[in-house]
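Structural features, examined
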Amino acid sequence: MKRVISFILAIIMITACFAGCENNKKTAEEPFSLPLDAVKVGENSYIINMRNEDGVLRTALTDDKGNELVPYFVGELYPIYPDMNNVGYPSMIIVRNSDEHIQYLVYPDGSRLSAVNYSNISYTWTANTGFVEPDFYLCASLSDNECELIDFYGNSLGMYNQTPKERKKISDDLVTTVSYSKALHFGVNNSDGKTVLPCEYDEVFYYDPVIVGRKGDNQGLSENDVLVICSKDGEVLCPSGRFSSVSFIDGADTGVGILYTSDSWDNELGTTTKGHWVIDKSGNKLSEEYGTITRNDDGTFTAERPGVKVTLDRNGKLISE
């Protein structure tokens with residue numbers, strides 16, 4: 001009887017060993033390999049997108065062995081590069097988790113910058129300041145009326161709410177202001193703290209010596225957008241309704257003013273815009289109305305409308321047809 005039991009145990013052990021060897025063989029035959037579309041975001045970290053058995057696309061941050069640094073979830077991993085040309089590795093990554101309706105920040109190794117969860121994190125450079133170096137940062141929303149600004153290295157730039165706060169100096173006597181109410185809003189104060197441009201605009205540009213404020217959902221590409229030009233003293237030089245968008249280059253006293261319409265096509269101008277003009281920095285029109293005007297490298301302008309193409313000088317005067 002003992003011999004029978006020993007024989008059965010031996011068979012069981014051999015079977016278990018064989019099964020274990022088979023499992024090991026299977027593992028050895030199918031090692032983890034990175035997908036071809038894996039995005040390397042660190043020395044040993046990769047963004048991977050993969051569909052599960054239900055066909056749902058999920059994303060994760062893993063190392064080259066498949067170890068999950070940020071476990072698979074439905075949503076997006078959005079890398080933030082300090083270099084605007086996306087050179088090198090990102091400094092951090094936005095985790096946009098659609099499963100849990102939260103967003104947070106991690107370093108490329110998967111560790112979190114903080115335990116704070118946000119409702120939205122946007123990558124923005126909205127506070128443009130003309131020829132001054134743009135102010136780039138992340139806007140991390142905590143509620144409809146509060147957000148945290150974070151630089152591209154994960155450093156907090158402070159909390160912002162509906163009360164405007166001074167943000168960045170753009171000249172010896174001017175500083176931008178920032179407030180938050182469902183979105184960022186910008187304005188300008190002088191060095192004495194007096195409001196020059198109310199903190200209610202989506203974009204602020206400083207083209208010495210004037211300030212341009214624009215608000216609207218279409219970045220100046222709609223007749224519904226509002227644009228004003230004011231002096232350093234807050235005097236309105238160009239009221240809203242005259243232009244939807246303006247552009248100047250460094251060192252030039254004149255630029256291009258554009259007024260857009262939403263849907264109409266102007267046969268005379270050959271464009272959906274109501275018109276382009278050469279303007280001075282106070283918003284005064286120096287040229288006739290054209291369908292398009294572009295600045296040339298020598299400071300002159302090329303202006304066009306159907307059947308007409310002319311060159312204008314720096315002050316909008318006709319040079320040649």
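See the structure above.
These notes cover the structure that comes with them. Not measured: the values here are computed from a predicted model.

**Regarding the sheet that holds strand S13 (residues 174–180)**
- Spatial ordering of the open sheet is given by S12-S13-S14-S15, a layout of four strands whose pairing is antiparallel. Edge positions in the open sheet fall to strand S12 (165–171) and strand S15 (195–201), since each of these has one partner strand only. Neighbouring strand axes in the sheet, compared pairwise and without regard to direction, differ in orientation by 20° on average.
- Looking at chain direction, S12 and S13 are connected through five bridges and run antiparallel. Looking at the pairing, lysine 165 lines up with valine 178 of S13.

**Structural notes on a nonpolar patch on the surface**
- Together, Val116, Leu142 and Met159 line one region of the surface with nonpolar side chains, adding up to about 200 Å² of accessible area.
- Mapping methionine 159 onto the fold places it in strand S11 (residues 156–160).
- Assessed through its relative accessible area of 33%, methionine 159 is described here as partly exposed.

**Some details on the sheet that holds strand S26 (residues 318–320)**
- Here we have four strands laid out as an open sheet, ordered S23-S24-S25-S26, and antiparallel in their pairing. For this open sheet the edge positions go to strand S23 (292–295) and S26, each flanked by a neighbour on one side alone. With direction set aside, neighbouring strand axes in the sheet form an average angle of 35°.
- In this structure, S23 lies alongside strand S24 (residues 301–305), joined through four bridges in antiparallel fashion. Its bridge partner lying in S24, threonine 294 is registered against threonine 302.

Cut-offs and rules
Residues numbered from 1 in each chain as written. Predicted model: local features only at pLDDT ≥ 70, side-chain atom pairs only at ≥ 80, totals over all residues. Heavy atoms only, no water. Pairing = 2+ DSSP bridges. Helix = DSSP H or I, 4+ residues; strand = E, 2+ residues; numbered from the N terminus. Axes fitted to C-alpha atoms, helices over the stretch in contact; angles between N-to-C directions. Patch = residues over 30% accessible without salt bridge, like charges linked within 9 Å, V, L, I, M, F, W, Y side chains within 5 Å. Areas by Shrake-Rupley, 256 points an atom, 1.4 Å probe, with all protein chains shown as cover. Salt bridge = Lys/Arg side-chain N within 4 Å of Asp/Glu carboxyl O. Buried < 20%, exposed > 50% of the residue type's maximum accessible area, 1.4 Å probe, protein only.

Shape descriptors only; they carry no functional weight alone.
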